[in-house]
Amino acid sequence: MDMEIVKCPGIYCGRNGDTSGNFSLCGACPRGTRRNDSNDLSVCELCGDTPYFYDWLFLGFMAMISLLLHWFFIDFTNSRNRTGLVILHISAFIESVLAAILTLLVSEPAGSFSLRSCKVLQLSDWYTMLYNPSPDYTTTLHCTQEAVYPLYTIVMVYYAFSLVLMMLVRPFLSSRFSNHKGTKAIYAALYFFPTLVLVQAVFAGLLYYSFPYILIVTSLITLALHLANFENQDPKSLLKANVTDGRNIAIMVGHWVLHGYAIISITELRDPQLHAPLIALVPFPALFYVLTSYYTDPDKLDQVER
């Protein structure tokens, strides 16, 4: 008499089946598969979904972080002399693009720019190691797996490719075209890449649901810091400084891109006729700062009549 098959305990434990109809004991589903809860067999089935628009935006955000850190440290470590840094900024961009292409090509289905993924259903999908069940309260059934395949590991693969490409290209460009000005930025990357991997490993689920708001708040703060860094806070002077200097133009446009990316991530353009026009608001924070800078300048406080 065959033993009755009951549903696996926990949220993520499943069984692997073979062509003859036999099933394994309950355990972790292999990478790229997920338990099917439509019946009591708890069979691990191959994920056949493709990433949603929001999933692509999340991956773009995680890739964007490393690129922005590259650009920041290239600029920050050469604050006294910024000449000759354009080639390093371009190199960082090309490295990031190539890393993204290679990451997509090695991911399933291999050799294409599409992805096969498991649908993200809830926050716990990112932290399956916290949901290993104990059916008899004495032993733990370990069912840790990548339930959000491949959104968890693909980011780490991208960072690995980015690091390798940087080490292959950037030292040569730094010594050949910029008088070793990129050396400190390379050292900085050797620190922030492991940090980004750790952040992805621990906070990926939280970032997945909150990154649009983190992005818009952070970009607004950094924009305000950039504008506040000008000694002359007169509106005309601020406007002139940010439309005549190439570096300042790049910083402003970059912040506008981040604002727009955050708006698209929050709305997901579910209603294009309503949400798309919101992108036109991206210059508003900068214009608001410039137009009100005269009234908020601390140097003007002593001129207020008491």
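None of these values were measured; they are calculated from a predicted model.

Asks: Help me understand the nonpolar core, please; the structure alone is not making it clear to me.
Replies: One broad rule of soluble globular proteins: the nonpolar side chains tend to lie buried together. Within the largest apolar cluster, 36 residues are counted, with the highest numbers of intra-cluster contacts made by Phe58 and Trp126. For this core, the secondary structure elements donating two or more residues are α1 (53-76), α2 (86-106), α3 (153-177), α4 (183-228) and α6 (246-267). Of all the elements, α4 adds the most residues to this core, at 10 residues. Leaving out residues up to four positions away in the same chain, Phe58 has contacts with Trp126, Leu151, Gln200, Ala204, Leu207, Tyr208 and Phe211.

Asks: Looking at this structure, how should I read the packing of aromatic side chains?
Replies: Aromatic ring pairs are reported here in terms of the distance separating the ring centres and the angle at which the planes meet. Here the structure, examined in full by the defined rule, presents 17 aromatic pairs. A centroid spacing of 6.0 Å and a plane angle of 55 degrees characterise the contact between Tyr159 and Phe193, whose relative ring orientation is tilted. Pair noted here: Tyr159 is in helix α3 and Phe193 is in helix α4, with a separation of 34 residues, a long-range link. The residues Tyr159 and Phe193 share a single accessibility class, namely buried.

Asks: Any chance you could explain the packing of α3 against α4 here in plain terms?
Replies: When two helices pack together, their arrangement is given by the angle between the helix axes and the distance between those axes. Their axes nearest at 11 Å, the elements α3 and α4 cross at an angle of 180 degrees. Regarding the angle of α3 to α4, the classification is roughly antiparallel. Touching Val155, Met156, Tyr159, Ser162, Leu163, Met166, Met167, Arg170, Pro171 and Ser174 of α3 are Thr183, Ile186, Ala189, Leu190, Phe193, Leu196, Val197, Gln200 and Ala201, all from α4. Class assignment of the residues belonging to the contact of α3 with α4 gives a composition of 14 nonpolar, 4 polar and 1 charged.

Asks: Which parts of the structure should I look at to understand the state of the cysteines?
Replies: Disulfides are covalent bonds that link the sulfur atoms of two cysteine residues. Here the structure, examined in full by the defined rule, presents 4 disulfides. Here Cys47 is linked by a disulfide to Cys118, with a sulfur-sulfur distance of 1.9 Å. Taking the sign of the S-S torsion, 90 degrees for the link of Cys47 and Cys118, the bridge is right-handed. Placement of Cys47 in the loop between β2 (44-46) and α1 and of Cys118 in the loop between α2 and α3 is noted, with a sequence separation of 71 residues between them. Residue classification places Cys47 among the buried residues on the basis of a relative accessible area of 9%.

Cut-offs used in this document
- Residues numbered from 1 in each chain as written.
- Predicted model: local features only at pLDDT ≥ 70, side-chain atom pairs only at ≥ 80, totals over all residues.
- Heavy atoms only, no water.
- Core = buried A, V, L, I, M, F, W, Y, C linked by side-chain atoms within 4.5 Å.
- Buried < 20%, exposed > 50% of the residue type's maximum accessible area, 1.4 Å probe, protein only.
- Helix = DSSP H or I, 4+ residues; strand = E, 2+ residues; numbered from the N terminus.
- Contact = heavy atoms within 4.5 Å.
- Phe/Tyr/Trp six-rings, centres within 6.5 Å; stacked < 30°, edge-to-face > 60°.
- Axes fitted to C-alpha atoms, helices over the stretch in contact; angles between N-to-C directions.
- Parallel < 35°, antiparallel > 145°, perpendicular 65-115°, else oblique.
- Nonpolar A, V, L, I, M, F, W, Y, C, P; charged D, E, K, R; others polar.
- Disulfide = S-S within 2.5 Å.

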